[in-house]
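Below are the chains, spelled out letter by letter.
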Amino acid sequence: DTGVSQNPRHKITKRGQNVTFRCDPISEHNRLYWYRQTLGQGPEFLTYFQNEAQLEKSRLLSDRFSAERPKGSFSTLEIQRTEQGDSAMYLCASAGHHYGYTFGSGTRLTVV
Amino acid sequence: ELKVEQNPLFLSMQEGKNYTIYCNYSTTSDRLYWYRQDPGKSLESLFVLLSNGAVKQEGRLMASLDTKARLSTLHITAAVHDLSATYFCAVANQAGTALIFGKGTTLSVSS
């Protein structure tokens, strides 16, 4: 068990480009979450998967954002037509049958 | 809508002294979490509090939960430099589908 893995660690993109991030949760965890954290703020919930089903999405998740977890294992978060306001750390967390959540190291996105 | 407030947002501590961080939340929840975050790093789990009156301790940190007052405290005993970091509390929403975080409390310990 190597924890929650996120790739890439850093991404710099030009405004208007599309980006995709990947999260590999702990293998036995069926719950997966995406959060966004901007400087000086707490993480903000974006979306939640139980197995492959996306069960909740925040109002923060605009039409430009889409997340998938096709086989109930890894998940991807895509941002289309990136804007400077999308610059943030994107965190993935997974959870199993117990109450604890394990967070990944995050993907830091910079939109220039 | 569940809201989580922490105070203070910044705390300058002297080594060896005791301090308390407060976390208030707006609606009923059965789970409260405390995390630590170092600059540029991810979140490290400190405590999970599951019931009214729960108290957990690890080293110089002690967390408690009062669900009736919707209040959790993180008490720091005899602060040391290694505790310098940002501490977040997070509360599970009723459906259990999300954690809602406070803005964090940044601790700085000086000698």
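Rules used throughout
Every chain's residues receive numbers from 1 upward, in the order its sequence appears when written. Each chain gets a letter, beginning with A, and each ligand a number, beginning with 1, in the order they are written. In view of the model being predicted, local features appear only for residues whose pLDDT reaches at least 70, and side-chain atom pairs are presented and counted only at 80 or more, with totals across whole chains, interfaces and linings using the full set of residues. Excluding hydrogens and water, the side-chain figures rest on all heavy atoms present in the structure. Each pair of strands is called paired provided DSSP finds at least two bridges between the two strands. Numbering of helices and strands starts at the N terminus; helices are DSSP runs of H or I of at least 4 residues and strands are runs of E of at least 2. Lines fitted to the C-alpha atoms define the axes, with helices restricted to the stretch that makes contact. Angles between their N-to-C directions range from 0 to 180 degrees. Grouping buried Ala, Val, Leu, Ile, Met, Phe, Trp, Tyr and Cys residues that are joined through side-chain atoms within 4.5 Å yields what is termed a nonpolar core. Relative accessibility decides the category of a residue: with a 1.4 Å probe and only protein chains considered, values under 20% of the type maximum give buried, values over 50% give exposed, and everything between is partly exposed. Residues are treated as being in contact if the distance between any of their heavy atoms lies within 4.5 Å. A pair of sulfur atoms, both from cysteines and within 2.5 Å, is called a disulfide here.

Turning our attention to the sheet that holds strand β6 (residues 55-58) of chain B. Residue and element names in this part refer to chain B. Taken in spatial order, the five strands make up an open sheet running β1-β3-β8-β7-β6, and their pairing is antiparallel. Edge positions in the sheet fall to β1 (4-7) and β6, since each has one partner strand and no second. Each adjacent strand pair in this sheet contributes to an overall mean axis angle of 15°, direction not counted. Across four bridges, β6 lies against strand β7 (residues 61-66) in antiparallel orientation. Its bridge partner lying in β7, Val55 is registered against Ser64.

This next bit is on the nonpolar core. Formed by 26 residues in total, the largest nonpolar core has its most connected members in Met13, Leu32, Trp34, Leu74, Ile76 and Tyr87 of chain B. Elements supplying a minimum of two residues to this core: β2 (10-14), β3 (19-25), β4 (32-37), β5 (43-49), β7, β8 (71-76), β9 (85-92) and β11 (105-110) of chain B. Once you skip the residues sitting within four places of it in the chain, Leu32 of chain B turns out to touch Cys23, Tyr25, Phe47, Val48, Leu49, Leu65, Ser72, Cys89, Ala90 and Val91 of chain B. The next biggest cluster of nonpolar side chains, apart from the first, holds 20 residues, and it includes Tyr33 and Phe45 of chain A together with Val48 and Phe88 of chain B.

All names here are of chain A. Inspection of the entire model under this criterion finds two disulfides over all chains. One disulfide in the model links Cys23 with Cys92; its S-S distance is 1.9 Å. Measuring handedness by torsion sign, the sulfur bridge of Cys23 and Cys92 sits at about -65° and is left-handed. On the criterion of sequence distance, the pair formed by Cys23 in strand β3 (residues 19-24) and Cys92 in strand β9 (residues 88-95) is long-range, its members being 69 residues apart. You'll find Cys23 and Cys92 in the same group, each marked buried.

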